[in-house]
Amino acid sequence: KRNTYTIWAFNHKIRKLRHGNTLRLILPAPARVLWSVDEKITQEEIPTNNSTLDVHLVDLPTSSLKEGVTIRFAIYWINKDQWEGTEYSVKIES
């Protein structure tokens, strides 16, 4: 089965993700993304990858999550050594 991506970016802040899709964040600079699907009981941090297109990507492994789950994430800017200051959320729907 081919992986289907749904894009989140600062100029495209989606709030819903189709069940079975992978959430791909496109960011303007190197970052680490701290994310959770259980209200921060457990969290995972994933670094972005430089795409060589002057954007930085990270794919959150969301394709196996159940409908109704809310993904929450925060962005830590590596070059600035600081958090974005906002928690973002995307809900999985059918």
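In this report, we go over the structure that sits alongside the text.

Calculation rules
- Residues numbered from 1 in each chain as written.
- Predicted model: local features only at pLDDT ≥ 70, side-chain atom pairs only at ≥ 80, totals over all residues.
- Heavy atoms only, no water.
- Salt bridge = Lys/Arg side-chain N within 4 Å of Asp/Glu carboxyl O.
- Helix = DSSP H or I, 4+ residues; strand = E, 2+ residues; numbered from the N terminus.
- Buried < 20%, exposed > 50% of the residue type's maximum accessible area, 1.4 Å probe, protein only.

**Section: the pattern of salt bridges**
Next up, step 1: Counted by the stated rule, this structure contains 5 salt bridges.
Next up, step 2: In this structure, Glu-45 engages Arg-32 in a salt bridge whose closest nitrogen and oxygen atoms are separated by 2.8 Å. Taken as a pair, Glu-45 in strand β5 (residues 44-47) and Arg-32 in strand β4 (residues 31-36) lie far apart in primary sequence, 13 residues in all.
Next up, step 3: Overall, the relative accessible area of 39% leaves Glu-45 in the partly exposed class.
Next up, step 4: Residue Arg-32 is classed as partly exposed on the basis of its relative accessible area of 28%.
Next up, step 5: A salt bridge links Glu-39 to Arg-72, with the shortest nitrogen-to-oxygen separation between them at 3.2 Å. Taken together, the residues span a long stretch of sequence, with Glu-39 in the loop between β4 and β5 and Arg-72 in strand β8 (residues 70-77) at a distance of 33 residues.
Next up, step 6: Taking relative accessible area as the criterion, Arg-72 reaches 22% and is therefore assigned partly exposed.
Next up, step 7: Through salt bridges with shared partners, one network takes in Glu-39, Lys-40, Arg-72 and Glu-87.

None of this, on its own, says anything about what the molecule does.
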